[in-house]
Amino acid sequence: DIESRIIEAAKQVFVRKGYVPTTMNDVANEAGIGRTALHYYFLTKEMLFDAICGQLMGTLFPNVKKVMYGEGTMLDKIPLIIKEYAAVLQHNMQFPVCIISEINRDPNHLYGVILKNRELIQPILQLREQLTREMEEGIIRKMPVIDVVTSFVSMIIFPLLIRAPLTTIFMDGEEAKFREYIIERTPRLINMMLMLLTPDKKDKN
């Protein structure tokens, strides 16, 4: 399973060094293979990055699409979406650091990767449309949709971006404790998002 080994190695090097400084030699060394073997699967660093993003999105988006086009209000769907995101991130805890770095360095690069498969964007558009509609109908609390999205992303992603200091200060430097914390916090994330979106009595009047 050399291709999977290369992708996992690339994730590690991209996180450790950043996308730009990383070389194909770095990835080959991390994977424990030669440059010739690496080039058999991936000719360029960009192809590697695209493959990693494609792997993550390919794992996540089909399930999110199924949720978004299923029955139920956003109060029903948000817990399911959070569980899908949490499951993917539990196995890719370091990679959000690399993604954020690349967004800041060259957002068009990442957008280009995503736009190669426009079908992946449809669940996000469906989410925006349903949030807007249900706010107008009073099913969920009315607020800027971007507030919902940024709250959702920040609660899920931000702890992973500051993983090192959180682990050092609050978990005695033990990585296993941090991983356990990330797994156990999913129900709390769901409760926080539902509290944010559930209208209170004054919102309904």
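Source: prediction; values computed, not measured.

**Student:** What exactly am I supposed to notice about the overall build of the protein chain here?
**Tutor:** Within the protein chain, the secondary structure is distributed over 13 helices and 0 strands. Seen in sequence order, the protein chain has helices and strands lined up from the N terminus as α-α-α-α-α-α-α-α-α-α-α-α-α. The proportion of buried residues among the 205 residues of the protein chain is 40%. Of the accessible surface of the protein chain, which amounts to about 11,600 Å², a share of 58% is contributed by carbon and sulfur atoms. Charged side chains in the protein chain number 25 positive and 25 negative. The centres of these two groups are separated by 1 Å.

**Student:** For this particular structure, what's the right way to read the nonpolar core?
**Tutor:** The nonpolar side chains of soluble globular proteins are, as a tendency, buried together. Judged by nonpolar contacts, the single largest core of 55 residues is most densely connected at Ile6, Phe14, Leu38, Leu48, Phe49, Phe95 and Met193. No other element matches the 11 residues that helix H4 (residues 45–68) contributes to this core.

**Student:** I would appreciate a short explanation of the packing of aromatic side chains in the present structure.
**Tutor:** Each aromatic ring pair is characterised by the separation of its centres together with the angle its planes make. Counted by the stated rule, this structure contains 6 aromatic pairs. Ring centres of Tyr19 and Phe49 lie 5.1 Å apart, and the angle between their planes is 70°; this geometry places the pair in the edge-to-face category. Within this pair, whereas Tyr19 is found in the loop between helix H1 (2–17) and helix H2 (24–31), its partner Phe49 is found in helix H4, the two being separated by 30 residues in sequence. No difference in accessibility class separates Tyr19 from Phe49, as the two residues are buried. Seen from their ring centres, Tyr40 and Tyr41 are 5.0 Å apart, and the 85° between their planes marks the pair as edge-to-face. Tyr40 gets classed as exposed once you look at its relative accessible area, which sits at 67%.

**Student:** Hey, could you run me through the side chain of Thr186 in this one?
**Tutor:** You can see Thr186 is positioned in helix H12 (residues 186–197). Residue contacts for Thr186: discarding those within four places in its chain leaves Ile82, Lys83, Ala86 and Gln90.

**Student:** Mind showing me how you'd approach H4 here?
**Tutor:** For an α-helix, 3.6 residues make a turn, and residues three or four places apart therefore share a direction. If you check H4, its first and last C-alpha atoms are 33 Å apart, about what 24 residues at 1.5 Å a residue would give, namely 34 Å. Residue Gly58 marks the point of greatest curvature in H4, where the axis turns by about 30°; the proline Pro62 follows within four residues.

**Student:** Any chance you could explain a nonpolar patch on the surface here in plain terms?
**Tutor:** Residues Val97, Ile100, Phe158 and Leu161 make up a contiguous nonpolar surface patch of roughly 300 Å² in combined accessible area. Of all the secondary structure elements, the ones that give two or more residues to the nonpolar patch are helix H6 (95–105) and helix H9 (145–161). On the basis of relative accessible area, Leu161 is assigned to the partly exposed category, the value being 35%.

**Student:** Help me out: how do you make sense of empty space enclosed by the protein in this one?
**Tutor:** Over the atoms, a rolling probe the size of a water molecule traces out where space has been left empty. Per the stated rule, a full pass over the model turns up 1 cavity of 30 Å³ or more. Put simply, the largest cavity is a space of about 60 Å³. If you go around the largest cavity, the residues you meet are Tyr85, Ala86, Leu89, Ile156, Leu160, Ile182, Arg185, Thr186 and Leu189. A per-class count over the lining of the largest cavity returns 7 nonpolar, 1 polar and 1 charged.

Reading guide: rules and limits
Residues numbered from 1 in each chain as written. Predicted model: local features only at pLDDT ≥ 70, side-chain atom pairs only at ≥ 80, totals over all residues. Heavy atoms only, no water. Helix = DSSP H or I, 4+ residues; strand = E, 2+ residues; numbered from the N terminus. Buried < 20%, exposed > 50% of the residue type's maximum accessible area, 1.4 Å probe, protein only. Areas by Shrake-Rupley, 256 points an atom, 1.4 Å probe, with all protein chains shown as cover. Lys, Arg positive; Asp, Glu negative; His and termini not counted. Charge placed at Lys NZ, Arg CZ, Asp CG, Glu CD. Core = buried A, V, L, I, M, F, W, Y, C linked by side-chain atoms within 4.5 Å. Phe/Tyr/Trp six-rings, centres within 6.5 Å; stacked < 30°, edge-to-face > 60°. Contact = heavy atoms within 4.5 Å. Expected span 1.5 Å × (residues − 1). Bend = angle between axes of the 7 residues up to and from the residue. Patch = residues over 30% accessible without salt bridge, like charges linked within 9 Å, V, L, I, M, F, W, Y side chains within 5 Å. Salt bridge = Lys/Arg side-chain N within 4 Å of Asp/Glu carboxyl O. 1 Å grid on protein atoms, 1.4 Å probe; cavity = no way out; pocket = protein on both sides within 12 Å on 5 of 7 lines; lining within 4 Å. Points joined across faces, edges and corners; volume = space filled by probe spheres on them. Nonpolar A, V, L, I, M, F, W, Y, C, P; charged D, E, K, R; others polar.

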